[in-house]
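# Understanding the architecture of this molecule
Next come the chains, spelled out residue by residue.
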Amino acid sequence: MIELKFNSIEEEINYPPISDFVSLSFKRDDLIHPFISGNKWRKLKFNLIKARELNKKHLVTYGGAYSNHLLASAAAGAKFNFKTSAFVRGEEANNPILNLCRLFGMNLIFVSREDYKNKAKLVSNNFNDNNEVYVLEEGGFGFEAEKGCREIITELKNNYDHIFCSAGTGATAAGIINQVSLSQLKTTVHIVSLLKGGEFLKTEIDKLLIHKIEYQLHTDYHFGGYAKTKPELINFIKDFTQQTGILIDPVYTSKTLFAIQDLASKNYFKKNDKVLMIHTGGLFGILGMMDKFI
């Protein structure tokens, strides 16, 4: 059976720069599993179910050297009895993320950045004769991923005026938006782009929507682009983590929380609004930036 025992909870957060303005809560999807956490599990779940139904036994995917998706895929493969392989962008490397992937049994295939652009060709050249292969798109993007991310909303115990989530590919965002609509919730969904020039994400998100649904896309909180940071963001992470005991990462969750704080400081929210941030996990990505926190 493809299922995990859940530890995810809704937790009200007392962080004065924000909570002075609104009631702030986290959906703690970072607690789902040590390695298959957050939206990585959400995106994998129905892909794994589909792979099992199709009698596929070998998961093949893609990612960078510090990809949380690769780690989650490797751990999920070990837990649910799938062989796993991944094409890793760039020169061969050793780091804590990749070593954990290896420990979970994942076969890592390092490819040049140029070759990485043609992912279908990589699979064809390496696994063309293997009918047991099931391909997971980069970051887990796709309809199965969107379906899994809907469950973030169905699990909620409370109602919120605003729900915030970060976006890299848009699958998590689409699942949240779709389920808010299907559940007929009077909630404004806010998507915070992690990418410079992230306006294109609207097109990617809209591809996965069940119909035209209104939502807010914020594109000014990328701090230079995907996996880019600035001292202001690093200091924000340090302050929040030390005040709350909740770790947020420099790639995803910190930028979303920073957006909430900035909007609160600009009186974007109404008094007593209830705001929920989806903590999408991905915490191991911080290992690639630890030098910034020392």
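Coordinates for the structure precede this section.
Rules of the game
- Residue positions are counted from 1 within each chain, in the order its sequence is given.
- In view of the model being predicted, local features appear only for residues whose pLDDT reaches at least 70, and side-chain atom pairs are presented and counted only at 80 or more, with totals across whole chains, interfaces and linings using the full set of residues.
- Only heavy atoms go into the side-chain values, all of them from the structure, while hydrogens and water stay out.
- Here a strand is any run of E in DSSP of at least two residues, a helix any run of H or I of at least four, and the numbering for each starts at the N terminus.
- Every radius of gyration here is taken over C-alpha atoms, with the globule rule written as 2.2 Å times N^0.38, N being the number of residues.
- A 1.4 Å probe rolled over the protein chains alone gives each residue an accessible area, and that area as a share of the maximum for its type sets the label: buried under 20%, exposed over 50%, partly exposed in between.
- Here the rule is simple: two strands pair whenever DSSP picks up at least two bridges between them.
- Geometry is summarised by axes, namely lines fitted to C-alpha atoms with helices restricted to the contacting stretch, and by angles between N-to-C directions that run from 0 to 180 degrees.
- Residue contacts are defined here by distance: any two heavy atoms, one from each residue, within 4.5 Å place the two residues in contact.
- When two rings of Phe, Tyr or Trp (its six-membered ring) have centres within 6.5 Å they constitute a pair, described as stacked for plane angles under 30 degrees, edge-to-face for angles over 60, and tilted for the intermediate range.
- Both a distance and an angle decide whether a charge sits over a ring: NZ of Lys or CZ of Arg must be within 6 Å of the ring centre and within 35 degrees of the ring normal.
- We define the nonpolar core as a collection of buried residues of types Ala, Val, Leu, Ile, Met, Phe, Trp, Tyr and Cys that are connected through side-chain atoms lying within 4.5 Å of one another.
- Here, expected helix span is obtained from the residue count minus one, scaled by 1.5 Å.

Okay, the overall build of the protein chain next. Along the backbone of the protein chain there are twelve helices and ten strands. Against the 2.2 N^0.38 benchmark of 19 Å for 294 residues, the protein chain shows a C-alpha radius of gyration of 19 Å, consistent with a compact globule. Its C-alpha atoms put the protein chain at 60 × 45 × 35 Å along the principal axes. Buried residues in the protein chain amount to 54% of all 294 residues.

Let's shift gears to the sheet that holds strand β8 (residues 188–193). In spatial order, the strands read β1-β2-β10-β7-β8-β9; together these six strands make up an open sheet with mixed pairing. On the outer flanks of this sheet lie β1 (10–12) and β9 (216–218), each paired with one strand and no other. Geometrically, the sheet is characterised by an average inter-axis angle of 25 degrees between neighbouring strands, direction not taken into account. Helix α9 (residues 171–182) contacts β7 (162–167), β8 and β10 (274–279) of the sheet and is inclined by roughly 175 degrees relative to β8.

Counted according to the given criterion, the structure contains 15 aromatic pairs. Judged by centre distance (5.2 Å) and plane angle (70 degrees), the rings of Phe35 and Phe104 are edge-to-face. Remark: Phe104 occurs in the loop between α4 (96–103) and β5 (107–111) and Phe35 occurs in the loop between β2 (23–28) and α2 (38–53); sequence separation between them is 69 residues. Exposure remark for Phe35: the relative accessible area of 26% places this residue in the partly exposed category. Between Tyr226 and Tyr252 the ring centres are 5.9 Å apart and the planes differ by 80 degrees, which places this aromatic pair in the edge-to-face class. Placement of Tyr226 in the loop between β9 and α11 (231–244) and of Tyr252 in the loop between α11 and α12 (253–265) is noted, with a sequence separation of 26 residues between them. Using a relative accessible area of 12% as the deciding quantity, one classes Tyr252 as buried. Taken together, the ring pairs in this structure connect Tyr15, Phe26, Tyr221, Phe223, Phe236, Phe240 and Phe258 into an aromatic cluster. Positioned over the ring face of Tyr62 is Lys119, at 6.0 Å from the centre of the ring.

What the four strands build is an open sheet, ordered β5-β4-β3-β6; its pairing is parallel. The strands lining the two open edges of the sheet, one partner per strand, are β5 and β6 (133–135). Along the sheet, successive strands turn relative to each other by an average axial angle of 25 degrees, direction set aside. The strands touched by α4 are β4 (83–89) and β5; relative to β5, the strand with the most contacts, the crossing angle is about 135 degrees.

Attention now moves to the nonpolar core. Leu24, Phe26, Phe164, Phe240, Leu257, Ile260 and Phe269 are the most contacted members of the largest nonpolar core, which has 32 residues in total. If you list the elements that add at least two residues to this core, you get β2, α11, α12 and β10. The element best represented in this core is α12, accounting for six residues. Not counting chain neighbours up to four residues away, the residues in contact with Leu257 comprise Ile18, Leu24, Phe26, Phe236, Phe240, Ile248 and Met277. Counting 26 residues, the second-largest nonpolar core is a separate cluster that includes Ile152, Ala174, Ile176 and Leu195.

This brings us to α9. Taking 1.5 Å per residue as the helical rise, α9 with its twelve residues ought to reach 16 Å, and the 16 Å between its terminal C-alpha atoms agrees with that figure. With ten of twelve residues buried, α9 is to be regarded as a mostly interior element. Where α9 is concerned, the buried positions are Ala171, Thr172, Ala173, Ala174, Gly175, Ile176, Ile177, Asn178, Gln179 and Val180. Just downstream of α9, Gln184 is the residue with a positive phi angle, here 55 degrees.

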